[in-house]
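Architecture and fold: a report
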Amino acid sequence: MGPSTSRATIEGVSVRVFRTTTRLVTDSDGHAHPGERHTVTRALLTLTDSEGVTGRCLAAEADLGEAQVAGHLRPVLLGRDPSERAALWQELARRQRGSAGTLRDRTLAAVEQALWDLLGHRLGQPVWRLLGGMRDRVPAYGSTMCGDEVPGGLATPEDYAAFAEKLVADGYHAVKLHTWMPPVPFAPSVDMDIRACAAVREAVGPDVPLMLDAHHWYSRADALRLGRALDRLGFLWYEEPMEEYSTQSYRWLADQLDTLVIGPESVEGRLHARAEWIAAGACDILRVGVPTSGGIDPALKSVHLAEAFGMECELHGGGAGTLALLGAVPNSRWYERGLLHPHYDFDEVPPHLTRAADPLDAEGCVRLREEPGLGESYDLDHIEAETVRQW
Ligand code: MG
């Protein structure tokens, strides 16, 4: 059957919450570390149109709860043309203000990516080609987990150095350190951060691009001292060392450093917050995430915004939607692959997928897939068998 060009309507909006397993554990401050294998739940959103074509996106259960689906997603989506993605997104976004915080950008992002996936399946095209088809592979940087106290893990500057050497040997074009954060007892520590960055630079030599994502609540004075060390060590970028709602603090920092300041990652406000950062001169490289900004289209707007100011816009995190966007824009340089740790096999395929989502090729790049939609390889038999709740 060839690609369908007829009009269709959305007939099904469903969520399956299913069991899968992971070796990632989360500390009290939300940072992931390697641990024992255990069971977790994830949620799969499925949109089905009147011709039986589906679009899917994986998310956390909290972002696809029964109340959100019944109260917002079904009323907006059912009976509508799935290709009217912008109109549907705007209607959901307008509902956010009155939702008392229950309708979040991550929910909008799941819906929006499922709509893209569905369109790709309808047209028989990968989403990155529908978005513009800029390139079919993206160089990856290895992004470490936060520091810990695990022997042979990421407990010392020497651990970071040894791991960075391994990542470069594995083919990564660049390495980003997430250094120590609370609840690690000695964190935050500017001195330890500087020692780790220096050890990594020494280990990989002068030519490998390096980035630092440090403790997010340093004072201006601490952030400047750390940033001046990055200048000496020739780091490429410096990410989120201070509270990002203080735009003026980032302008103050960026004005004084050679190392490129990147942001914002964590502030809400999507495109509008990023326009304010550029206008304030608070960053040298813009940053945006697909799940955190409401989907591929809203993130694309921020990438275009950066392009208009001659800036790069680097995408936060990985995943199929992020990869699709990276395949379609000229001014996002890197794919963030991780989070990585010496004691964690990032390439292990989770039980709910049939293959690794973003394998690294021999040249240290992640390739865009030619199959229709977002190219996720859900094991639907596993997901159905392990379903614990559905709505
Ligand atoms: Mg970050």
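Residues numbered from 1 in each chain as written. Predicted model: local features only at pLDDT ≥ 70, side-chain atom pairs only at ≥ 80, totals over all residues. Heavy atoms only, no water.

Considered domain by domain, the protein chain is made up of domain 1 (10–124 + 379–390) and domain 2 (129–367). Between domain 1 and domain 2, the C-alpha centre-to-centre distance is 26 Å. Counting residues at the interface gives 33 residues for domain 1, matched by 30 residues for domain 2. When the two sides are added together, the surface that domain 1 and domain 2 hide from each other amounts to roughly 2500 Å², 59% of it contributed by carbon and sulfur. Broken down residue by residue, the surface that domain 1 buries against domain 2 is led by P34, D105 and W116, which jointly contribute 21%. Linking domain 1 to domain 2 there are 3 salt bridges. (Domains from an automatic or database assignment. Contact = heavy atoms within 4.5 Å. Buried area = accessible area lost by both parts, 1.4 Å probe. Salt bridge = Lys/Arg side-chain N within 4 Å of Asp/Glu carboxyl O.)

Counting buried positions along strand β4 (residues 137–144) yields 7 of 8 residues, so the element is predominantly enclosed. The pairing of β4 with strand β12 (residues 365–367) spans 3 bridges and is classified as antiparallel. Of the residues in β12, the one forming a bridge with R137 is R367. Pairing of β4 with strand β5 (residues 174–178), which is carried by 3 bridges, proceeds in the parallel orientation. If you follow S143 over to β5, its bridge partner there is K176. The handedness of the β4 to β5 crossover, carried by helix α5 (residues 157–170), is right-handed. (Buried < 20%, exposed > 50% of the residue type's maximum accessible area, 1.4 Å probe, protein only. Helix = DSSP H or I, 4+ residues; strand = E, 2+ residues; numbered from the N terminus. Pairing = 2+ DSSP bridges. Right-handed = clockwise from strand over helix to strand, strands pointing away.)

With the rule as written, the count across this model stands at 5 aromatic pairs. Ring geometry for Y141 versus W334: centroids 6.3 Å apart, planes at 80 degrees, classification edge-to-face. In this pair, Y141 sits in strand β4 while W334 sits in the loop between α11 (320–326) and β11 (335–340), placing the two residues 193 residues apart along the sequence. Taking relative accessible area as the criterion, Y141 reaches 1% and is therefore assigned buried. Among the residues examined, W334 registers a relative accessible area of 4% and is labelled buried. Summarising the aromatic geometry, the rings of Y250 and W277 are spaced 4.8 Å apart at their centres and angled 40 degrees between planes, so their arrangement reads as tilted. Placement of the pair is Y250 in helix α8 (residues 247–254) and W277 in helix α9 (residues 270–280), with a sequence separation of 27 residues. Here Y250 and W277 have matching classes, each one buried. (Phe/Tyr/Trp six-rings, centres within 6.5 Å; stacked < 30°, edge-to-face > 60°.)

By the secondary structure assignment, R201 is in helix α6 (residues 190–204). Buried charge without a salt bridge: R201, with D207 as the nearest opposite-charge side chain at an N-O distance of 7.1 Å. With sequence-adjacent residues up to four places away left out, R201 is seen in contact with P206, D207, V208, L210, L233, G234 and F235. (Lys, Arg positive; Asp, Glu negative; His and termini not counted.)

Spatial strand order, β3-β2-β1-β13: 4 strands in an open sheet with antiparallel pairing. In this open sheet, the two edge strands, each paired with only one partner strand, are β3 (54–59) and β13 (387–390). Adjacent strand axes in the sheet meet at a mean angle of 25 degrees when their direction is disregarded. With 3 bridges joining them, strand β1 (residues 10–26) and β13 adopt antiparallel strand pairing. When the sheet's bridge partners are listed, F18 is paired in β13 with T387. Against the sheet, helix α1 (residues 66–77) contacts β1 and β2 (32–49), and its axis sits at roughly 135 degrees relative to β1. (Axes fitted to C-alpha atoms, helices over the stretch in contact; angles between N-to-C directions.)

Turning our eyes to something else, we now look at the packing of α1 against helix α2 (residues 85–96). Contact geometry of α1 with α2 gives a least axis separation of 10 Å together with a crossing angle of 150 degrees. Here α2 runs roughly antiparallel to α1, going by the angle between their axes. In the packing of α1 onto α2, the handedness of the crossing is right-handed. Contacts between α1 and α2 involve G71, H72, L73, P75, V76 and L77 from the former and L88, E91, L92 and R95 from the latter. (Parallel < 35°, antiparallel > 145°, perpendicular 65-115°, else oblique. Left-handed = near helix turned anticlockwise from the far one by under 90°.)

For the rest of this paragraph, the subject is α6. The terminal C-alpha atoms of α6, which comprises 15 residues, lie 21 Å apart, in line with the 21 Å expected from a rise of 1.5 Å per residue. By the burial criterion, the buried members of α6 are V190, M192, D193, I194, A196, C197, A199, V200, R201 and V204. Those residues of α6 that are buried lie in contact with α5, β5, β6 (210–213) and α7 (220–233). (Expected span 1.5 Å × (residues − 1).)

A separate point is the state of the cysteines. Summed over all chains, the structure comprises 0 disulfides. Considering cysteine sulfurs only, C197 is the nearest to C146, which forms no disulfide, with 13 Å between them. A disulfide-free cysteine, C313 has its sulfur positioned 8.8 Å from the sulfur of C283, the nearest such atom. (Disulfide = S-S within 2.5 Å.)

Quick look at the environment of H216 now. Within the secondary structure, H216 sits in the loop between β6 and α7. Under the relative-accessibility criterion, H216 is labelled buried at 15%. Each C-alpha atom, one on H216 and one on E243, is 5.9 Å from the other, the two residues being 27 residues apart in sequence. If near-sequence neighbours (up to four positions away) are discounted, H216 is found in contact with M181, E240, P241, M242 and E243. A distance of 3.0 Å separates a polar atom in the side chain of H216 from the backbone oxygen of E240. (Polar contact = N/O pair within 3.5 Å; in protein donor to acceptor, adjacent residues only side chain to side chain.)

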